[in-house]
Amino acid sequence: MTNGLDPVPEPTSTIDSDLAARVARGDRQAETTFVRRHQRTVTLVLQKRVQPDRVYDLTQETFIVVIARMRDNGIHEPTRIGGFLRQTAINLANGERRKYLRQRTDNDNDSIDIVIDEALGPSDSVELDELVSMIGQLMDELPMERDRDLLRRYLVDGQDKVALCQHYGLSSEHFDRVLHRARVRLKELLDKRRGYR
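These figures come from a predicted structure and were not determined experimentally.

Caption draft 1: Representation of the overall build of the protein chain. Counting secondary structure elements, the protein chain contains eight helices and zero strands. Across the 197 residues that make up the protein chain, the buried fraction comes to 36%. Within the protein chain, contacts between residues at least 6 apart in sequence are counted, and of these 60% link residues at least 24 apart. Roughly 12200 Å² of accessible area belongs to the protein chain as shown, and the carbon and sulfur atoms make up 48% of that amount.

Caption draft 2: Region of interest: the packing of aromatic side chains. This model, assessed by the stated rule, comprises one aromatic pair. Ring geometry for Phe34 versus Phe63: centroids 6.0 Å apart, planes at 85°, classification edge-to-face. Of this pair, Phe34 sits in helix 2 (residues 28–47) while Phe63 sits in helix 3 (residues 55–71), placing them 29 residues apart in sequence. With respect to burial, Phe34 and Phe63 carry one shared label: buried.

Caption draft 3: Quick look at the pattern of salt bridges. Under the definition given, this model contains 11 salt bridges. The closest approach of N and O atoms between Asp140 and Arg152, which form a salt bridge, is 2.8 Å. You can see Asp140 sitting in helix 5 (residues 125–141) and its partner Arg152 sitting in helix 6 (residues 145–156), a full 12 residues away along the chain. The salt bridge involving Arg185 is made with Asp147; its shortest N-O contact spans 2.7 Å. Of this pair, Arg185 sits in helix 8 (residues 172–193) while Asp147 sits in helix 6, and the two are 38 residues apart along the sequence. Relative accessible area serves as the criterion here: at 1%, Asp147 is assigned to the buried category.

About the thresholds
- Residues numbered from 1 in each chain as written.
- Predicted model: local features only at pLDDT ≥ 70, side-chain atom pairs only at ≥ 80, totals over all residues.
- Heavy atoms only, no water.
- Helix = DSSP H or I, 4+ residues; strand = E, 2+ residues; numbered from the N terminus.
- Buried < 20%, exposed > 50% of the residue type's maximum accessible area, 1.4 Å probe, protein only.
- Contact = heavy atoms within 4.5 Å.
- Areas by Shrake-Rupley, 256 points an atom, 1.4 Å probe, with all protein chains shown as cover.
- Phe/Tyr/Trp six-rings, centres within 6.5 Å; stacked < 30°, edge-to-face > 60°.
- Salt bridge = Lys/Arg side-chain N within 4 Å of Asp/Glu carboxyl O.

In structure tokens:
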């Protein structure tokens, strides 16, 4: 119970705004404080999205990107730094995932051209969320159950190609063809939805 004399804690956005201003002035201690305040959150965001051995490096990279923007006064709404930090981590994780998927399917050169641009900024996050939601809906609309199941397991859940080949009874080469056709069908649906055809 407060007695009316207890100090009211500052809102997180106010603290982050103050830290952003100090970082922009070159205060290294403010950078350290900012990292300590948000490191656990960024790590949790990344743990859900990338391989465990990449979490530490991407956490560091996230802070490098955000602090560089703060130094250059590139964050116009300092009260939203928490959201900017989270979106930066997600963008880096998405880039990492795309790189990983490209390495796993060497034969699939015609992959969907709907992945997130690596230069995507936080101001585009609403459009990105709408696109991701639309793609999820379109996956559900694919007429073949195997296409829906395969795309979700492979692209969304990140299941291993070898395990999926065993599950579907496919050779590696046949899996690549099935995956390619499913991606083409999904891209056709996306193009229709976005009015490209």
